[in-house]
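Now for the letters of each chain:
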Amino acid sequence: MLIVLVILNVVDAFSTLYLVSNGYAKELNPLMDLWLQMGPWHFLFVKLFLTSLGIGFLWFSREHTFVHKVTAALLVLYVIVVCVHIDIALSVIYFSTLQF
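Calculation rules
- Residues numbered from 1 in each chain as written.
- Predicted model: local features only at pLDDT ≥ 70, side-chain atom pairs only at ≥ 80, totals over all residues.
- Heavy atoms only, no water.
- Helix = DSSP H or I, 4+ residues; strand = E, 2+ residues; numbered from the N terminus.
- Buried < 20%, exposed > 50% of the residue type's maximum accessible area, 1.4 Å probe, protein only.
- Areas by Shrake-Rupley, 256 points an atom, 1.4 Å probe, with all protein chains shown as cover.
- Axes fitted to C-alpha atoms, helices over the stretch in contact; angles between N-to-C directions.
- Parallel < 35°, antiparallel > 145°, perpendicular 65-115°, else oblique.
- Left-handed = near helix turned anticlockwise from the far one by under 90°.
- Contact = heavy atoms within 4.5 Å.
- Nonpolar A, V, L, I, M, F, W, Y, C, P; charged D, E, K, R; others polar.
- Expected span 1.5 Å × (residues − 1).
- Phe/Tyr/Trp six-rings, centres within 6.5 Å; stacked < 30°, edge-to-face > 60°.
- Lys NZ or Arg CZ within 6 Å of the ring centre and 35° of its normal.

(A) Broad picture of the overall build of the chain. Within the chain, the regular secondary structure consists of four helices and zero strands. If you list the helices and strands of the chain from N to C, you get α-α-α-α. Taken along the three principal axes of its C-alpha coordinates, the chain extends 60 × 25 × 20 Å. Within the span of the chain, comprising 100 residues, buried residues form 28% of the whole. A total accessible area of about 7100 Å² is found for the chain, and carbon and sulfur atoms account for 75% of it.

(B) Quick peek at the packing of helix α1 (residues 2-21) against helix α4 (residues 65-97). The N-to-C vectors of α1 and α4 enclose an angle of 30°; their axes lie 9 Å apart at closest approach. Compared by their axis directions, α1 and α4 come out roughly parallel. The two elements α1 and α4 meet at a crossing, and its hand is left-handed. Here α1 contributes L2, V4, L5, L8, N9, V11, D12, S15, T16 and L19 to the contact with α4, which in turn contributes T71, L74, L75, Y78, V79, V81, V82, H85 and I88.

(C) The environment of I3, seen in detail. Tracing the chain through its elements places I3 in helix α1. We classify I3 as exposed; its relative accessible area is 64%. Sequence spacing of I3 and I55 is 52 residues, and the spatial spacing of their C-alpha atoms is 9.0 Å.

(D) Here's a closer look at the packing of α1 against helix α3 (residues 40-60). At a closest axis distance of 10 Å, the pairing of α1 and α3 adopts a crossing angle of 165°. Relative to α3, α1 is oriented roughly antiparallel. As for the relative orientation of α1 and α3, their crossing is right-handed in sense. Across the interface between the two elements, L2, L5, V6, N9, V10, D12, A13, F14, T16 and L17 of α1 pack against P40, F43, L44, K47, L48, T51, I55, L58 and W59 of α3. For the contact of α1 with α3, a count of residues per class yields 14 nonpolar, three polar and two charged.

(E) How the structure looks around α4. Along its 33 residues, α4 runs 48 Å from first to last C-alpha, staying within 8% of the 48 Å computed at 1.5 Å per residue. For α4, the complete set of buried residues consists of V67, T71, L75, Y78, V82 and H85.

(F) Molecular detail of the packing of aromatic side chains. Under the definition given, this model contains three aromatic pairs. A centroid spacing of 6.4 Å and a plane angle of 40° characterise the contact between Y18 and Y24, whose relative ring orientation is tilted. Between F45 and F49, the aromatic rings sit 5.5 Å apart at their centres with planes inclined by 5°, giving stacked as the arrangement. Taken as a pair, F45 and F49 lie in helix α3 at a separation of four residues, close to a single helical turn. Sitting above the plane of the W59 ring, R62 keeps its charged end 3.8 Å from the centroid.

As structure tokens, then:
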């Protein structure tokens, strides 16, 4: 589950960067929005570093039942976020192909 969480985090980071940079979306997390305004490399570093620290903590605490529940909740959250990103991307593709 943690490997999937890492993959979803990377997808979230790069899709957020792309969608926000091109004006298709807005970063809803105020802390990450601050880093994004500092530049893409700042955003990616902080996003991936902080999440890696959190996932490392979950890995070292994996024997606890509570950690399994937290990991499952994070997976659900990241799946929802990635699905929203896919929906935005598909909308952009669809509306860019329309001819008026």
